[in-house]
Every structure is written in C-alpha cells, then in structure tokens.
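Working through the structure, step by step
Here's the letter readout for the chains.
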Amino acid sequence: LSQSTTPESLQEYFERFGPITEADVKTDPSTGRSKGFGFVTFADPASVDACMDQRERHSVDDRWVDVKRYTDSGNDEGG
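Throughout what follows, the structure given in this document is the object of discussion. This one's a predicted model, so the numbers in the text were calculated from it and none came from an experiment. (Residues numbered from 1 in each chain as written. Predicted model: local features only at pLDDT ≥ 70, side-chain atom pairs only at ≥ 80, totals over all residues. Heavy atoms only, no water.)

**Overview of the packing of aromatic side chains**
Threshold: Pairs were defined over the aromatic rings of Phe, Tyr and Trp, the Trp ring being its six-membered one, requiring ring centres within 6.5 Å. Orientation was assigned from the angle between planes: stacked under 30 degrees, edge-to-face over 60, tilted for the rest.
Applying the stated criterion to the full structure yields four aromatic pairs. Each ring, one from F37 and one from F39, has its centre 5.9 Å from the other, and the planes form 90 degrees; the classification is edge-to-face. Within the aromatic cluster, the residues linked to one another by ring pairs are Y13, F14 and F17.

**Some points on the nonpolar core**
What counts, and what does not: Take the buried residues of types Ala, Val, Leu, Ile, Met, Phe, Trp, Tyr and Cys, join any two whose side-chain atoms come within 4.5 Å, and each joined set is a nonpolar core. Think of it in three bands: residues with accessible area under 20% of the maximum for their type are buried, residues over 50% are exposed, and the middle band is partly exposed, with areas taken using a 1.4 Å probe on protein chains only. What counts as a helix is a DSSP run of H or I of at least four residues, what counts as a strand is a run of E of at least two, and both are numbered from the N terminus.
If you look at the biggest cluster of nonpolar residues, it comprises 15 residues, and the most contacted ones within it are L10, F14, F17, F42, C51, V60 and V67. Looking at this core, the elements with two or more residues in it are α1 (7-14), β1 (20-27) and α2 (45-52).

**Things to note about α2**
For the record, the criterion: Working definition: the arc comes from the directions between the helix axis and the C-beta atoms, pointing outward to the latter. Should any heavy atoms of two residues lie within 4.5 Å, those residues are counted as being in contact. Think of a polar contact as two N or O atoms within 3.5 Å of one another; within protein, one of them needs to be a possible hydrogen donor and the other a possible acceptor, and neighboring residues in sequence only count if both atoms come from side chains.
For α2, the set of buried residues is S47, V48, C51 and M52. Within α2, the buried residues cover an arc of 135 degrees as seen down the axis, which keeps them to one side. Looking at the packing, one finds that the buried side of α2 touches α1 and β2 (34-42). Two or three places before A46, at the opening of α2, D44 has a side-chain oxygen 3.0 Å from that residue's backbone nitrogen.

**Some thoughts on the pairing of β1**
Spelled out, the test is: Paired strands are those between which DSSP finds at least two bridges.
As judged from the six bridges shared by β1 and β2, these two strands associate in the antiparallel manner. The partner of I20 across the bridge, within β2, is F42. In sequence, β1 turns back onto β2 through a hairpin of six residues, with G32 there showing a positive phi of about 80 degrees.

Shown next, in the form of structure tokens:
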C-alpha cells in the first residue's frame, strides 16, 4: 500500500465488492508510518470471491495492491 493509504481509503476502494466489516492499515508503532500492507474483512464470502476475480486490477491511492485471501491455515491463496 501507499504511505498515504488510510483505513478509510482502503475501505472506500474495496466496498465496491461488498459490505466491509473492518479495514486496517498496519503501521509501525514507533513512527506511525504505514508498513505497506493492510487487511480488509468482508461481511459476505461472495464479496471475497468478487474481489479475487479482479485481483490483478486492484489499485488503491494510485498504487497496485497484491490482494491475497486469508486462510486459517496461514496459506496464501490470494485475497
């Protein structure tokens, strides 16, 4: 993610795929600067599928975003 990306801008972008319950941009606790990644939680699994269908096209704050799917096992499937 861009250094200028906020939880609000992350949510605003990904809401086009469905309702979001949480959007978070991870920051360094000592500097407050973005670590360059974040998490989005969709309310509906179908929204995750819709998002993943376009995973090569995501751009937030003029920066391409590598979207990965969270899995309980810790394996990345993208999303």
